[in-house]
Amino acid sequence: TRVLLTGGSGFIAAHILESLLEHGYSVLTTVRSTQKGQQILDSHKQYGKDKLDFVVVEDIEKPGAFDSAVVADPPLDAVVHCASPYHFNAKTRDEIQQLLSTAINGTTGILKAIKAHAPTVKRVVITSSYAAMVDYGKPMTHIYTEADWNPITEEQAYSSAPFAYLASKTFSEKAAWDFMKDEKPGFSLTTINPPMVYGPVIHALPSLDKINTSNARFVSLLKGSPTTPCPPTVNYLFVDVRDLAVAHVRALEKPEAAGQRFLVTAGNYSNAEAAQIIGEEYPEYKDRMPVGEALKPGERPATGVNGYDNTKSIEVLGMKYRPFRESVVGVVESIKGLL
Ligand code: NDP
């Protein structure tokens, strides 16, 4: 089975790529440059071109960006669309407009390209987000499920960089489901909606200042001192990136996953807990961790944490989730050499 994976040089996509290869798939991944593609091939020398190859798609936002990438030889059976900007740097109106249009056009662009040029594709899996589910109008403890949609408006999208990102994920997932309804293509769609994703960095990371957005809190903890405050936890839900990768593969394989979205989370965590675990597992970094933190592993703030129901992911995708400690150790092991 041949799968096109978008953005193989990213944090999550690198794990999806690994998981697809381990499960015997042949993977064609899109990257923004030949250099990034070559880096991926160089770190997977055990796989021949028939198992792993890349195609350059410089900017997913451009109309027709994926038109030639989806025409593959041998042809594609499925597509995993993971590439989308994840950062909180869009501050001006123009920057926010750019972020939104990259996320939305990237998503609709690949769906259009598949419908028009890749009739052999039967399943598409999109990495959406819990960002497309969270509703700040509800109490934090609301039990989130696949029925939840972020009600964010266009106007709110332009109010701040974090809101712009939340909107980019919400609007692009909505656009994908609208495409399915309006265009009735010959493939089915599944979306995977993870909250905060943590775990080992296995993509090429030249330096710690280039760390992906979700793992950045580990860099600030590891570079901190007892007087540096613990970064506040905004979203108390997480999933390990290795489990998230498996969820994408299962979504391709399970017939019942067609037409469904999945909240993929292991459960609650907090940054204070991350600091505590780092101190326990790595005595050499203990004196860098914030002190005076009341919370210990497993303890939750009295103000409550995000509720969740991950039953659907367990029942349909057969998910088994790693505990937070494994994610913490995974990320620290993978980046400590760059400290
Ligand atoms: P990364 O920043 O590591 O990955 C983003 C990917 O998108 C990279 O491959 C990047 O390419 C690519 N990309 C961004 N903009 C463009 C563009 N204009 N043209 C082509 N490619 C582009 O972050 P993650 O791996 O964390 O994010 C991957 C996906 O997961 C995103 O859809 C994100 O919204 C989603 N997600 C992430 C969560 C998390 O906690 N990490 C939580 C929920 C959802 P390049 O490598 O060249 O920069």
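This text follows the structure it describes.
Residues numbered from 1 in each chain as written. Predicted model: local features only at pLDDT ≥ 70, side-chain atom pairs only at ≥ 80, totals over all residues.

Undergrad: Explain the sheet that holds strand β11 (residues 267–268) to me, and be specific about the residues and the numbers.
TA: With mixed pairing, three strands are arranged side by side in an open sheet as β8-β9-β11. Two strands bound the open sheet, and with one partner strand each, they are β8 (196–198) and β11. Where strand β9 (residues 237–240) meets β11, two bridges bridge the pair, whose relative direction is antiparallel. Bridge pairing in β11 places Phe-238 opposite Gly-267. Along the sheet, helix α10 (residues 324–335) contacts β8 and β9; its crossing angle with β9, the most-contacted strand, is approximately 65°. (Pairing = 2+ DSSP bridges. Helix = DSSP H or I, 4+ residues; strand = E, 2+ residues; numbered from the N terminus. Contact = placed C-beta atoms within 7 Å. Axes fitted to C-alpha atoms, helices over the stretch in contact; angles between N-to-C directions.)

Undergrad: I'd like a rundown of the site of the ligand, residues and numbers included.
TA: Taken together, 25 residues sit near the ligand, with Gly-7, Gly-10, Phe-11, Ser-84 and Ser-214 positioned nearest. For the shell around the ligand, the elements supplying multiple residues, two or more each, are α1 (11–22) and β8. Its residues assigned to classes, the shell around the ligand shows 11 nonpolar, nine polar and five charged. (Near = placed C-beta within 6 Å. Nonpolar A, V, L, I, M, F, W, Y, C, P; charged D, E, K, R; others polar.)

Undergrad: Which residues make up the pairing of strand β4 (residues 78–81), and what values go with them?
TA: On β4, burial covers both faces: Ala-78 and Val-80 on one face and Val-79 and His-81 on the other are all buried. Bridge count for β4 against strand β5 (residues 123–127) is four bridges, and the pairing is parallel. In the strand pairing of β5, Val-80 is matched with Val-125. (Buried ≥ 20, exposed ≤ 12 C-beta atoms within 10 Å, placed from the backbone.)

Undergrad: Talk me through the sheet that holds strand β3 (residues 52–56); I want residue IDs and the actual numbers.
TA: Spatially, β3-β2-β1-β4-β5-β7-β10 is the arrangement adopted by the seven strands of the open sheet, whose pairing is parallel. Two strands close off the open sheet at either side, each with one partner strand: β3 and β10 (261–263). Mean inter-strand twist for the sheet, computed between neighbouring axes without regard to direction, equals 20°. Bridge analysis of strand β1 (residues 2–6) against β4 gives three bridges, and the strand direction is parallel. The partner of Leu-4 across the bridge, within β4, is Val-79. Contacting β2 (26–31) and β3, helix α2 (residues 34–42) runs over the sheet at an angle of about 175° to β3. The strands that helix α3 (residues 93–117) touches are β1, β4 and β5; relative to β4, the one it contacts most, it runs at about 170°.

Undergrad: So what's going on with α10? Which residues, and what values?
TA: Its 12 residues give α10 an end-to-end C-alpha distance of 17 Å, which sits within 8% of 16 Å, the value for a rise of 1.5 Å per residue. Among the residues making up α10, those that are buried are Phe-324, Ser-327, Val-328, Gly-330, Val-331 and Val-332. (Expected span 1.5 Å × (residues − 1).)

Undergrad: Describe helix α7 (residues 241–253), and please don't skip the residues or the numbers.
TA: With 13 residues, α7 should cover 18 Å at 1.5 Å per step; its first-to-last C-alpha distance of 19 Å lies within 8% of that length. With respect to burial, α7 is a largely interior element, 10 of its 13 residues being buried.

Undergrad: Can you explain the packing of helix α8 (residues 271–281) against α10? Please cite residues and give values.
TA: In a packed pair of helices, the relevant descriptors are the angle between the two axes and the axis-to-axis distance. In the contact formed by α8 and α10, the axes pass within 10 Å of each other and the chain directions differ by 65°. In terms of their interaxial angle, α8 and α10 are classed as roughly perpendicular. Relative to α10, the crossing made by α8 is right-handed. Here Glu-273, Ala-274, Ile-277, Ile-278 and Glu-281 of α8 lie close against α10, whose contacting residues are Phe-324, Arg-325, Val-328, Val-329 and Val-332. Partitioning the contact of α8 with α10 into residue classes produces seven nonpolar, no polar and three charged. (Parallel < 35°, antiparallel > 145°, perpendicular 65-115°, else oblique. Left-handed = near helix turned anticlockwise from the far one by under 90°.)

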